Amino acid sequence: MTTSTASRKPSRKTARSTAAHTSAPVAEERKSDAAEPARTQDDSVPADARIAAEDPDSLRGLYRDMLFVRRFEERTAQSYQQAKIGGYCHLNLGEEATVIGLGAAMRPTDYLFTNYREHGYALAKGIEPGRVMAELYGRSTGTSKGWGGSMHMYDTATRMLGGYAIVGGQVPLAVGAALAIDYRGEDDVVVCQMGEGTTNIGAFHESLNIAALWNLPVVFLVINNQTGMGTTVERSSAEPDLWKRAAAYRMRGERVDGTDVLAVRDVAGELIETARREKKPALLEAVSHRLKGHSVVDPAKYRTEEAVSIARGNDPIVRWRDALLAAGVLDDRSVAALEAEVTAAVAAAVEFADTSPHPEPSSLFDYNYATPVAGDSRRLPADPLFTH
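What comes next concerns the included structure. (Residues numbered from 1 in each chain as written. Predicted model: local features only at pLDDT ≥ 70, side-chain atom pairs only at ≥ 80, totals over all residues. Heavy atoms only, no water.)

## Side note on the overall build of the protein
On a plain count of helices and strands, the protein comes out with 13 helices and seven strands. For the protein, contacts bridging at least 24 residues in sequence account for 75% of all contacts bridging at least 6. In the form shown here, the protein has an accessible surface area of approximately 18000 Å², with 54% of it arising from carbon and sulfur atoms. (Helix = DSSP H or I, 4+ residues; strand = E, 2+ residues; numbered from the N terminus. Contact = heavy atoms within 4.5 Å. Areas by Shrake-Rupley, 256 points an atom, 1.4 Å probe, with all protein chains shown as cover.)

Set out below in structure tokens:
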């Protein structure tokens, strides 16, 4: 795995008045070839050896969690087609290894900020599946009381702080949360997930600059599924190796195979613990494949048959299942049992959402303001403009 590591910088408390005149680190050179496979944590260790070193129950748990995200998202697509879910809806299909690997690397008290492709992350962070599905259905039992929908998952109890529909909108806020942790002297870490397209906007660069300058405990996770909406990374980024952008801010940059759940868990875990211990931010690029279009309604006709075939051939769940079968951790019977368990759990989440109430119209303006505001109007469209 290629790494770019910088020397220690002045702390936030001294950086404003101290000029550091050190030479910038030079990232290790690697050919900028998008077709080159992303590296796992250690290419020299065979997959079966890594599996043999793990607890079998933990390995089965990772498979179960990945499978749950897959079946949950497939059921979400079905509900969308049944008009039970409105608005935009983006799925984690093909990214389950990254989603669950990250969840396994984080502490429950760590904070997670995501973009709008966040259903799986909400599940991995520990939000009850019924509440996630209820939010998609726009029901009052959802994580955001039914007002946020697919793109605005939020839950303070599990420290899942969004769900942001604006590309890159979560990045400055994640840095702000890391600054709050620094002020309080706490040992939590912020993980900020984003798509590869976010690396081309101004807020991305501004946020990485501040995080590096002030030594904030934040890990920036770029999900590079190789197609930003309908444009490939090579055609939108002059430097398609996105991990290299860390070098501009003297922070560590890593690239990991996003279809390898153990690699994601281990590399993300290392960066998170370094951020916790040394207050050093980092950038992690996880390379995977998006199995479907950008959103549920996107037919993805801009993708070639070859690209679709490659994506299907790198399905992380199939790869992980086959590896566990080969290692004897799973057999046909246990695979079938897990499938039945997951199917039942997803059905229970759908049932919870289906039977949950819609928000009352009278609650439409609740929480518009954190504190009462003089002249706050709560007039509904059908209400008279003047009462007397």
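## Observations concerning helix 7 (residues 170-184)
Between its first and last C-alpha atoms helix 7 spans 21 Å; for 15 residues at 1.5 Å apiece the expected length is 21 Å, and the two agree. When helix 7 is considered as a whole, its buried residues turn out to be Gln170, Val171, Ala174, Val175, Ala177, Ala178, Leu179, Ile181 and Asp182. Phi turns positive, to about 70°, at Gly185, one or two residues after helix 7. (Expected span 1.5 Å × (residues − 1). Buried < 20%, exposed > 50% of the residue type's maximum accessible area, 1.4 Å probe, protein only.)

## Quick word on helix 8 (residues 202-213)
A turn of α-helix holds 3.6 residues, and therefore any two residues three or four places apart point the same way. If you check helix 8, its first and last C-alpha atoms are 17 Å apart, about what 12 residues at 1.5 Å a residue would give, namely 16 Å. Ala203, Phe204, Ser207, Leu208, Ala211 and Ala212 are the residues of helix 8 that are buried. Buried residues along helix 8 cover an arc of 155° about the axis, so they all sit on one side. At its buried positions, helix 8 is contacted by helix 7, strand 2 (190-195), strand 3 (218-224) and strand 7 (282-287). Just past helix 8, the residue Asn215 takes up positive phi, approximately 55°. (Arc of directions from axis to C-beta.)

## Details of the environment of Glu73
Residue placement: Glu73 occurs in helix 3 (residues 56-81). Separated by 19 residues in sequence, Glu73 and Asn92 place their C-alpha atoms 6.9 Å apart. With near-sequence residues (within four places) excluded, Glu73 lies in contact with His90, Leu91, Asn92, Leu93, His119 and Gly120. A polar contact of 2.8 Å, which involves the side chain of Glu73, links it to the side chain of His119. (Polar contact = N/O pair within 3.5 Å; in protein donor to acceptor, adjacent residues only side chain to side chain.)

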